[in-house]
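Residue-level structural notes
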Amino acid sequence: MKENSRIENPSGTNNYMLDTKAYNEFDENPKLLAYAIQSLDYGFRYYKTDTQDWELNGFGAKVYDINCQPVRYNPNVKLPDYKGIDERLRVKYVSTAVNLMPYHTLLDGSAHLINSESKAGEMFYEILSLIKTSDRKKRPFSQHYDAFIAEATIHNNCILITGDTTLRNTVNKYFPDRAITMEMLIEKIEKALKGGADYDQL
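Description of the structure in this document.

About the criteria used
- Residues numbered from 1 in each chain as written.
- Predicted model: local features only at pLDDT ≥ 70, side-chain atom pairs only at ≥ 80, totals over all residues.
- Heavy atoms only, no water.
- Axes fitted to C-alpha atoms, helices over the stretch in contact; angles between N-to-C directions.
- Helix = DSSP H or I, 4+ residues; strand = E, 2+ residues; numbered from the N terminus.
- Parallel < 35°, antiparallel > 145°, perpendicular 65-115°, else oblique.
- Contact = heavy atoms within 4.5 Å.
- Nonpolar A, V, L, I, M, F, W, Y, C, P; charged D, E, K, R; others polar.
- Pairing = 2+ DSSP bridges.
- Core = buried A, V, L, I, M, F, W, Y, C linked by side-chain atoms within 4.5 Å.
- Buried < 20%, exposed > 50% of the residue type's maximum accessible area, 1.4 Å probe, protein only.
- Salt bridge = Lys/Arg side-chain N within 4 Å of Asp/Glu carboxyl O.
- Phe/Tyr/Trp six-rings, centres within 6.5 Å; stacked < 30°, edge-to-face > 60°.
- Lys NZ or Arg CZ within 6 Å of the ring centre and 35° of its normal.
- Left-handed = near helix turned anticlockwise from the far one by under 90°.

Turning our eyes to something else, we now look at the packing of helix 1 (residues 20-28) against helix 4 (residues 82-89). Direction vectors running N to C along helix 1 and helix 4 enclose 85°, while the axes themselves pass 10 Å from each other. Taken together, helix 1 and helix 4 sit at an angle that is classed as roughly perpendicular. Contacts from Tyr23, Phe26 and Asp27 of helix 1 reach helix 4 at Tyr82, Ile85, Asp86 and Leu89. For the contact of helix 1 with helix 4, a count of residues per class yields 5 nonpolar, no polar and 2 charged.

If you want it as C-alpha cells, here you go:
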C-alpha cells in the first residue's frame with residue numbers, strides 16, 4: 001500500500017520533486033542516476049506524488065477523455081523502470097491536493113485542499129489554463145497532472161526537477177528557483193560533492 005511520508009527536513013534546501021520527465025532522464029542515462037545516488041550522502045532527498053505513478057504506468061493526463069476515462073493507453077510504449085529508480089534513490093511519496101479524478105486521491109488523510117487565493121493556488125490554476133485549445137473539449141484533463149505535481153512541490157517545500165520549459169517557467173514565475181532542469185540539479189550536486197568525483201569523471 002502506498003503511504004505518504006513527511007519531508008525529512010522541511011526547512012532543507014535539497015528536497016527535490018521528480019516529475020515524469022526526470023524519471024525518463026534517469027532511465028535513459030544511468031550515469032545521471034549514479035550521480036544522484038551519490039547526492040544522498042550529502043543530504044539530497046527525492047520525492048514524488050501518487051500522480052507520477054499514473055504517468056509512469058502509461059496513464060498520462062492526455063489519455064483521459066471528457067468523461068475522465070483513459071482512451072489512448074498504449075501498452076507497447078516503453079516505460080521507465082521507475083520502481084528501480086525509486087528504490088535506488090530512496091524516493092518517498094508526499095501528499096498532493098484532493099483530486100476529483102477517479103482513484104487519484106490517496107485516502108490516508110494526507111490530501112489537502114488548494115487555497116485558490118494563495119500564490120500556490122494562482123499558480124495551480126494558471127497551469128491548468130495552459131491547456132491547448134485543441135485539447136479543451138476532447139482532452140480536458142491534459143494539464144491536471146502538471147498542476148497537481150507543481151502544487152505538491154510548493155506545498156511540501158520541494159524543488160521541482162523537470163524538462164518541461166513551460167511548466168518550469170510558470171512555477172518560477174510565482175516561486176523563483178523552485179523548478180530546475182536536470183542539468184541544474186547536477187550542478188547543485190557537484191557543488192555539494194566539492195572535492196569528490198565530477199560528473200564527467202563518472
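On to the sheet that holds strand 2 (residues 45-48). Within the open sheet, the 5 strands sit side by side as 3-2-1-4-5. Their pairing is parallel. Two strands in the sheet have a free side with no partner beyond their single neighbour: strand 3 (92-93) and strand 5 (179-180).

Grouped together as the largest cluster of nonpolar side chains are 25 residues, with contacts concentrated most on Leu18, Phe26, Tyr46, Leu89 and Leu185. Only strand 1 (15-18), helix 1, helix 2 (30-39), helix 4, strand 4 (159-161) and helix 8 (182-193) provide two or more residues apiece to this core. No other element matches helix 8, which puts 5 residues into this core. Beyond its immediate chain neighbours, meaning those up to four positions away, Leu18 contacts Tyr23, Phe26, Tyr46, Tyr47, Gln52, Leu89, Val91 and Ile161. Residues Tyr47, Met123, Ile127 and Ala150 belong to the second largest nonpolar core, which totals 22 residues.

With that settled, the discussion passes to the pattern of salt bridges. As enumerated under the stated definition, the model contains 3 salt bridges in all. Between Asp86 and Lys48 there is a salt bridge, and its shortest N-O distance comes to 2.6 Å. Here Lys48 lies in strand 2 and Asp86 lies in helix 4, a separation of 38 residues in the sequence. Here the two residues Asp86 and Lys48 agree in accessibility, since each one is buried. What emerges from the salt-bridge pattern is a single network uniting Lys48, Asp53 and Asp86.

One pass over the structure, following the stated rule, counts 4 aromatic pairs. A centroid spacing of 5.0 Å and a plane angle of 90° characterise the contact between Phe124 and Tyr125, whose relative ring orientation is edge-to-face. Cluster of aromatic residues (ring-pair linked, three or more members): Tyr16, Phe44 and Tyr46. We note Lys119 situated over the ring of Phe175; from NZ or CZ to the ring centre the distance is 4.8 Å.

Both faces of strand 1 are covered, namely the face carrying Asn15 and Met17 and the face carrying Tyr16 and Leu18. Relative to strand 2, strand 1 runs parallel, the two sharing 3 bridges. Bridge pairing links Asn15 to Arg45 in strand 2. Taken together, the 3 bridges between strand 1 and strand 4 define a ladder with parallel strand orientation. Within the sheet, the bridge partner assigned to Leu18 lies in strand 4 and is Ile161.

Side chains of strand 2 alternate between two faces, with Arg45 and Tyr47 and Tyr46 and Lys48 buried alike. In terms of strand pairing, strand 2 meets strand 3 through 2 bridges, oriented parallel. Considered in strand 3, the bridge of Tyr47 is made with Lys92.

Further remarks concern the packing of helix 5 (residues 119-129) against helix 6 (residues 144-155). Contact pair helix 5 / helix 6: the axes reach a minimum separation of 8 Å and the direction vectors enclose 160°. Taken as axis vectors, helix 5 and helix 6 run roughly antiparallel relative to one another. Once helix 5 is placed against helix 6, the crossing between them reads as right-handed. Residues Ala120, Met123, Phe124, Ile127 and Leu128 of helix 5 form the contact with helix 6, whose own contacting residues are His144, Asp146, Ala147, Phe148, Ala150, Glu151 and Ile154. The residue makeup of the contact of helix 5 with helix 6, split by class, is 9 nonpolar, 1 polar and 2 charged.

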